Amino acid sequence: MRRPPRLTALLSGAAVTMASTALAVVGTASGAAAAPVCTVEYSVTNQWTGGFQGAVTVTNNSTALNGWSLGFSFPAGQQVSQGWGGKWTQSGAAVTVVNESWNASLGSGAQVTTGFIASWTGANTAPTAFTLGGVPCNADGPTTPPTGTPPTTPPTTPPTDPPTTPPTTPPTTPPTTPPTSPPPTPVSGAPELTVTGNKFTDQNGAVRRLLGVNRSGGEFMCVQGYGIWDGPVDDASVKAIADWKANTVRIPLNEECWLGLDNIKPEYRGTNYIDAVKDLVTKVLAHGMTPVVELHWTHGQYTGNSSGCADVHASCQKPMPNAQYTPAFWTSVANTFKNDKRVVLDLFNEPYPDRATSTATQAWTCWRDGGTCPGIGYEVAGMQDLVDAVRATGAKNLVLVPGIAYSNDLSQWLTYRPTDPAANLAAAWHVYNFNTCSTETCWNDTLAPVAAQVPLLAGEIGENTCGHAFIDRVMEWFDDRGLSYLGWTWNTWNCNSGPALITSYDGTPTAFGIGLRDHLRALAP
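Residues numbered from 1 in each chain as written. Predicted model: local features only at pLDDT ≥ 70, side-chain atom pairs only at ≥ 80, totals over all residues. Heavy atoms only, no water.

**What to know about the overall build of the chain**
Scanning the chain from N- to C-terminus turns up ten helices and 23 strands. Counting every position in the chain, which comprises 525 residues, the buried fraction comes to 55%. For the chain, the share of sequence-separated contacts (at least 6 apart) that also reach a separation of at least 24 residues comes to 73%. Only carbon and sulfur atoms are counted for the fraction: they give 54% of the accessible area of the chain, which is about 20400 Å². (Helix = DSSP H or I, 4+ residues; strand = E, 2+ residues; numbered from the N terminus. Buried < 20%, exposed > 50% of the residue type's maximum accessible area, 1.4 Å probe, protein only. Contact = heavy atoms within 4.5 Å. Areas by Shrake-Rupley, 256 points an atom, 1.4 Å probe, with all protein chains shown as cover.)

So this is what it looks like as structure tokens:
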């Protein structure tokens, strides 16, 4: 969903923050006097078993440079697999980062931040010596690094509800068919979801539905320089969601803020952003709900048909993910949550390559395979690229893959769906009353065939009427088929333009939100 307009933020710059242990390095660059002319800050922004995300920020304290080269060596066998904000190469332990064309100019007092993902074994010891333009910098020494202890999945609490007591009175007529076993009892709390045929199932094999809300803010606040979340995300506000009898919360994210690109304010990027997301995920889980971590806004300049903005940065919805940063985003996110299968990964909010290409075949091919796509000026990461990035980390979490036309078209989803070696893939779809596919006839024709083969989640449902007549129809159609849906959005916006479910973060509903709230409560056991 394109959120309501806020104050427009003019963003500039385009590098990145990155990874390892925080330290400051001061030294002299080529041709300068003995006074320190460069400062290097190296930090680990995220770490997991066998891997980490890092950032290196270089400050030029001398005369302006037109082109720069940063060098350092890893002391403990770390190997870079992905990098951004510069051209990364590694030979043995030695790492070199050379400027990109767009960040070659490094003025006096200016900073550039680059980021990377690397592997490690044993100890993730920080490098202590750096060079700028081949001239050594003298390290002051690292500060204490993060512990890097991987998260562990808490043991599932056994269900407390006793099994249904069988009748004590035998039937008067012998049954003609053997009695069937009772369905599995759902696990308590948030489940570890697995795709079984066209259903979501938990650890006990019980069929589960994802029913709840979106919690917007993490996709736009950081890039606009206002914060990380729009409104409170404390325990009371999360409990208010659970009080609606929601069992799922979708959390939209921004790839530049997660990766720490240096066009984002330091307080809203990298480690600070990642920690805030992990904290919200923890709160959602603590209230027994499933967190869906979703990539909403991404890098890449697109000025074609239906462009949301002309900005290269992740300040609006782009038609497709980009090959420059999005695979690295999902590598980092998947590594962060791979030890907790209760967390669901939603690959990309609303692809619309169909607005840029000439044919449906071109659009769906771009959607799956990425690369050079007609009408899109940046290299695209396709859905298969993103599935591969997630699974390469060893993550087995449920992955959601949206369709095209702002996720409103699943007509060829089955034909082009990505291959998943973990066989834990489901379809995601969005619908509003102003979308093309907003009638039961369209749902019968295009959604029903998909839902017959794979689980289907309507990740966003809504309307711009400040009423709920349309979503009532959506929920009825999905209820009849045992499918899943999430309302947009748990934010206190104008329900006519948002749409918004609440007027207060204590859970007071809008005239639109009351329809979803009452329906979820009616479905709750």
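**A word on the packing of helix 9 (residues 469–480) against helix 10 (residues 513–523)**
Relative to each other, helix 9 and helix 10 sit at 25°, their axes nearing to 10 Å. Classified by the angle their axes make, helix 9 and helix 10 are roughly parallel. When the axes of helix 9 and helix 10 are compared, the crossing they make is right-handed. Contacts from I471, M475 and D479 in helix 9 reach G515, L516, H519 and L523 in helix 10. (Axes fitted to C-alpha atoms, helices over the stretch in contact; angles between N-to-C directions. Parallel < 35°, antiparallel > 145°, perpendicular 65-115°, else oblique. Left-handed = near helix turned anticlockwise from the far one by under 90°.)

**Quick word on the confidence of the model for the chain**
The predicted model of the chain has a mean per-residue pLDDT of 87, with 85% of residues at 70 or higher. Element-level mean pLDDT values for the chain span from 40 in strand 1 (residues 23–27) up to 99 in strand 19 (residues 344–346). The model gives residues 4–35 a pLDDT under 50, and that stretch makes 149 contacts with residues more than four places away or in other chains. Per-residue pLDDT stays below 50 along residues 139–175; that stretch engages in 38 contacts with residues further than four places along the chain or on separate chains. (pLDDT = per-residue confidence, 0-100.)

**Focus on the environment of G459**
Within the fold, G459 resides in strand 22 (residues 456–462). Owing to a relative accessible area of 0%, G459 belongs among the buried residues under this scheme. Put simply, G459 and N214 are 245 residues apart on the chain and 8.0 Å apart in space, counted from C-alpha to C-alpha. Setting aside residues up to four positions removed in sequence, G459 forms contacts with N214, R250, W429, H430 and L486.

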